Amino acid sequence: MTAALTPGTSGRRPDPFAGHASPMGHGNMVRKEDARFLRGRGRFVDDIRLPGMLHGAVLRSPYAHARILSIDTGGAESHPKVRAVITGADLERRGMAWIPTLSHDVAAVLATDKVRYQGQEVAFVVAEDRYAARDALSLIEVEYEPLEPVIDAHRALAPDAPVIRDEIPGRTDNHIFDWEAGDAAATEAAFAAAEHVSSCEMLYPRVHPAPLETCGIVADLDPVSGRLVVYATAQAPHAHRALYSGIIGIPENRIRIISPDIGGGFGNKVAIYPGYLCAVIATSITGAPVKWTEDRSENLMSTSFARDFHMRGEIAATRDGRIQGLRVQVLADHGAFNGTSQPSKFPAGFFHIFTGSYSVPAAHCTVRGVYTNKAPGGVAYACSFRITEASYLVERLVDVLAFDLGLDAAEVRRRNLLRPEQFPYRCATGWEYDSGDYPRAFELALEMAGYDELRREQARGRRTRAETGEGTVMGIGLSFFTEAVGAGPRKDMDIGGFGMADAAELRVHPTGSAELRLSCMSQGQGHETTFAQIVSEELGISPDDIEVIEGDTDRTPFGLGTYGSRSTPVSGAAAVMAARKVRERARLVAAAMLEVSADDLVWDKGRFHVRGDRAAGVGIGEIALAAHSGLELPEGVEGQLDATCVYNPPNLTFPFGAYLCVVDVDPGTGQVTVRRFVAVDDCGVRINPAIVEGQVHGGLADGIGMALMEVMAFDTDGNHLGASFMDYLLPTSMECPSWELGKTVTPSPHHPIGAKGIGESATVGSPAAVVNAVLDAIGVRHADMPLTPAHVWSAIQGRPLRTDLAIG
Amino acid sequence: MQVPAHFEYQRATSVEDAIALLERYGPESRIVAGGHSLIPMMKLRLAQPELLVDINGLADLGGISLAGDVLRIGAMVRHAELLASVTAGTHFPLLHDAERVIADPVVRNRGTVGGSVCQADPSEDLSAAFTALRATAVIEGSAGVRRVPMREFFHGPYQTAVGPAEVLVELQIPLSNSATLAGSSSAYLKVDRRAGDWAVAAAAAVLRIDRDSVVTEVGIGLTAVGARQFAAVEAEDFLRGRQLTGEHIAEAGDIAAQHCSPVADQRGPVDYKRHLAGELARRALHAAAARADLAIIGRL
Ligand SMILES: Cc1cc2nc3c(=O)[nH]c(=O)nc-3n(C[C@H](O)[C@H](O)[C@H](O)COP(=O)(O)OP(=O)(O)OC[C@H]3O[C@@H](n4cnc5c(N)ncnc54)[C@H](O)[C@@H]3O)c2cc1C
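Residues numbered from 1 in each chain as written. Chains lettered and ligands numbered in written order. Predicted model: local features only at pLDDT ≥ 70, side-chain atom pairs only at ≥ 80, totals over all residues. Heavy atoms only, no water.

- Looking at an unreviewed UniProt entry, one finds chain B named Carbon monoxide dehydrogenase medium subunit, with Pseudonocardia hydrocarbonoxydans as its source organism.

- An unreviewed UniProt entry annotates chain A as Carbon-monoxide dehydrogenase large subunit originating from Pseudonocardia hydrocarbonoxydans.
- Among the UniProt annotations of chain A, the heading Cofactor (unreviewed entry) holds the following wording: "Mo-molybdopterin cytosine dinucleotide". (UniProt positions renumbered as here; feature names shortened; annotations may be inferred.)

If you want it as structure tokens, here you go:
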């Protein structure tokens, strides 16, 4: 390196990793996958081109609710480049027009009787190129009889509401389920005895994870071997294989799912979508590989949305703000099919962790799911199975309580936060929080932000504004969240009947490099790096020498994939345990090599040496070679060092954090500027701190997006009003301040290295902080997300908007 | 993936050639400039021209320069070029205000001034800017060159004075309102939901005041609020000849708000947009006044 390029002398930002080799184990290192991503050398589904490959396109419904009177595909079929046109009637003949969902319902693949939301799949065209496929869509003639749609979830159960799922015999309404958690009687008693009750109606609007890469597939059925290879944007390749097998009747041994690089998932790529199945059917009809790649509007209109919880929360407290009880009623808009991807026994996901981070003696919630004429889904966008909704609810309610009682929002939190000695803590709805020191994280966030000085600044600003009537108003918003991630214990949870344990296979090559095969699936989180570091820490092999293999069912063990921040808690634990098995085997081999008893050996990261004699030792590489050599191996070692582990987590892990947001609002225009965002996260032991911070950065941006601009609203006809990035706004770096991150480390007591998940923490925790800040600035008790300039201004005028409907 | 329908493509070698191509292929042919409005519409198949006539690279349509008593801006000048132009910024600071909030750098690198005004989207920022500046559009067809004042240029949403076989050559802004003249300046203010978003509403203000702070000329442009020809004519008429006081500016804002006709959409309800029209007109006038004459601020 020349002197001019030495960090600090050239004016360039110093490279935090300069001169550092990869750490042996945990610590900051440059992500191994970045070399290809930054050079544009990632390989995504749409990059895959197979010889003779055809292209699919989906014809979608323009109506939210309509009866299909006829479909004429003749025009499309006579297009010279069209090879097949598939309709619901074709699927019906194969028994595949409807498929089971993961939530005890069925969903249409291609509509047969009716269309039930705008953008629903009606027909699939297969052509020689993607242009011809699209051209042919306009040659299909569909005759619809429009029906009244159900758009407002509050109208879904009205006696005169049209029945969306009238194909189900005997169905006379749009009710899906009622579910409850907690102790209703104890909660009732707490409310009856309370000195004060605050209540608030709030909507967590329908939003969309909108990954950079949309969903896609290349399906390739070999007509000779009958083997189906599917390249897909799948966050859960093994689950997909099992589901495809069940739906199309090909046994798993003849299905291979390959998930190449994925450009963001956020739960959007857990489900199996109609387009995928159509491509699979199309390859079987045409005998050629078929690619289908969604466009942006299709992604926003038809794939898994998130949230859409209409909540009524009540909080009972003493006059000095000590919480006595929490009660919530939720109306959950699930769209036209109940297609949430979540543990089967939890129809509202983990929403019942809504007591959050507080000591709440009594709590009860009821959740009612309803059908509407909107796309199915609900569990996505880094929600940790609906903890986003739960966390937002309680953090808003605590602010409403502070507002009603005239107390400082920080002080109310201080009075109610769980204390360290309460852990492990069993909350009123049954979750057992593993570990935490909440006051420490909270006070750290306040101190980093300079909370007291901010409040003084705010008071000064208010006085100035009262005198001059000019300037912006500043607001401070807090949130403290508790997550529950790493699903999950087999006895408690399954998805589609599959227990949620994960496997890891670790192979150590003769010269001491290794490969780790995992069932989870990176979508940009940096698994190739983090998991290599996990093994490195256990075995003293450099992360550079450990290959992490994911996303190919032929090359990885069974497991349920990546979502719900479960990779490090579950697959990470499996990797640790497999590495420890390797280490114990290596100990036996080392003992044979050194001709000592295994008990006399001491492990020194990467090397066993004889107790008391550091010089008498062998490194992991030498041991690996010996394990593959002619050396006579001791009992308990069959040869080689490879190991497998299936890890069944004893509990979820409970990351937490304290967030503080400072905004400036222009009351004349309603525009919000996020001035500062302080985030203290505790995700237990941090494996690669830079990756952890990257995950937090993304989640904080999500929070600004949801709080200020993201929403999918619908007009009275059921038209989707957020079907492109011109209408569905994602935040940019311009809306994000320079994040101020802090941390505390409270290891998980039951995870083998004390790590908790981090992938969704900031998305869960940040929206409430931003909303609380805006409402604090304008002195309004409540207004729903997103707080667009129009909404902020309207809220100041005392007319907050219904953000899920068209603005009238 | 979004893909456009079939179309043909021809690269014009001169303005005359472009006009000839448009005439030969008729109404299904379209000029493509930066393509940042047209191509997205083609990908969504909302526009399906049969022929694209590419005018990129026609030197006659480029450049920003002073010519006599006008500043001329070629139709093919990119947003980024206008934003970087010291000449444009010195004479008409509102052009830089506007360019700074149009789309994002990627769009600004390709999108053109001519394409913006020819697109005539009700939310196009430059439409209100040029309207406030009383620019003139220079349009060329096989019959020759026409000059159309900006305030007669827009015939409705997505409709302009440019005929199907005509090319917008340049925009000319009279230097009589140049900020280099004492008592004269301009400003543009926009409210959006996010950087790079189209305007919820925006306002352009051009002011000239004499030594006694009397308004001798004023231009007020409004974006995205349904103002006829993007202009707040009634507010201009009110201010012209009046003393520039805080009260008068406030009243001009109210008049501008009354006379526009915004429509509700997901950017906001009518009452909010109407409020913004007034609020932004007021603020833009204040900002222009402050630039025109720093001494005046104390008096407002
Ligand atoms: C993501 C995004 C965000 C945007 N945000 C904003 C914004 O905030 N504010 C804003 O004002 N604009 C915005 N725009 C629009 C952008 O400024 C315009 O797309 C662009 O300036 C139009 O110019 P163009 O050169 O790309 O036109 P093109 O797309 O090439 O053409 C547009 C139309 O004008 C016609 N045309 C073009 N040049 C001529 C000519 N010389 N003579 C006759 N007809 C002609 C074309 O035939 C076509 O009908 C945005 C665009 C995008 C893609």
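## Here we look at the site of the ligand
All names here are of chain B.
Item 1. Near the ligand there are 30 residues, and of these Ile31, Gly34, Ser37, His79 and Thr112 occur at the shortest range.
Item 2. Separating a nitrogen atom of the ligand from a backbone N or O atom of Leu168 is a distance of 2.9 Å.
Item 3. The fraction of the free accessible surface of the ligand (960 Å²) that becomes covered by protein chains is 92%.
Item 4. Elements that contribute at least two residues to the shell around the ligand include exactly strand S2 (29-32), helix H7 (113-119) and strand S10 (167-174).
Item 5. Here the shell around the ligand gets four residues from one element, more than from any other, and that element is H7.
Item 6. For the shell around the ligand, the per-class residue count stands at 14 nonpolar, eleven polar and five charged. (Near = heavy atom within 4 Å. Polar contact = N/O pair within 3.5 Å; in protein donor to acceptor, adjacent residues only side chain to side chain. Areas by Shrake-Rupley, 256 points an atom, 1.4 Å probe, with all protein chains shown as cover. Helix = DSSP H or I, 4+ residues; strand = E, 2+ residues; numbered from the N terminus. Nonpolar A, V, L, I, M, F, W, Y, C, P; charged D, E, K, R; others polar.)

## A few points about the domain arrangement of chain B
Residue and element names in this part refer to chain B.
Item 1. Domain annotation of chain B identifies domain 1 (8-54), domain 2 (59-174) and domain 3 (183-294).
Item 2. In this structure, domain 1 and domain 2 have C-alpha centres spaced 19 Å apart.
Item 3. Between domain 1 and domain 2, the residue contacts involve twelve residues of the former and 17 residues of the latter.
Item 4. If you sort the residues of domain 1 by the area they bury against domain 2, Val15, Ile19 and His36 come out on top, with a joint share of 42%.
Item 5. Counting across the domain 1 and domain 2 interface gives zero salt bridges.
Item 6. Counting across the domain 1 and domain 2 interface gives one residue pair in polar contact (both at pLDDT 80 or more).
Item 7. Ranked by the residues each element gives to the side of domain 1 that touches domain 2, the list is headed by helix H1 (residues 15-25), at six residues.
Item 8. Grouping the amino acids of the side of domain 1 that touches domain 2 by side-chain chemistry returns seven nonpolar, three polar and two charged. (Domains from an automatic or database assignment. Contact = heavy atoms within 4.5 Å. Buried area = accessible area lost by both parts, 1.4 Å probe. Salt bridge = Lys/Arg side-chain N within 4 Å of Asp/Glu carboxyl O.)

## Description of the layout of surface pockets
Item 1. Counted as a void, the second largest pocket has a volume near 850 Å³.
Item 2. Residue lining of the second largest pocket: 36 residues in total, with A:Gln671, A:Glu735, B:Asp192, B:Arg194 and B:Ala195 positioned closest to the centre.
Item 3. Every element with two or more residues in the lining of the second largest pocket is listed here: strand S31 (656-666), strand S32 (671-682) and helix H16 (689-708) of chain A together with helix H5 (93-100), helix H6 (105-110), strand S11 (184-191) and helix H11 (270-292) of chain B.
Item 4. A class-by-class count of the residues in the lining of the second largest pocket yields 17 nonpolar, seven polar and twelve charged. (1 Å grid on protein atoms, 1.4 Å probe; cavity = no way out; pocket = protein on both sides within 12 Å on 5 of 7 lines; lining within 4 Å. Points joined across faces, edges and corners; volume = space filled by probe spheres on them.)

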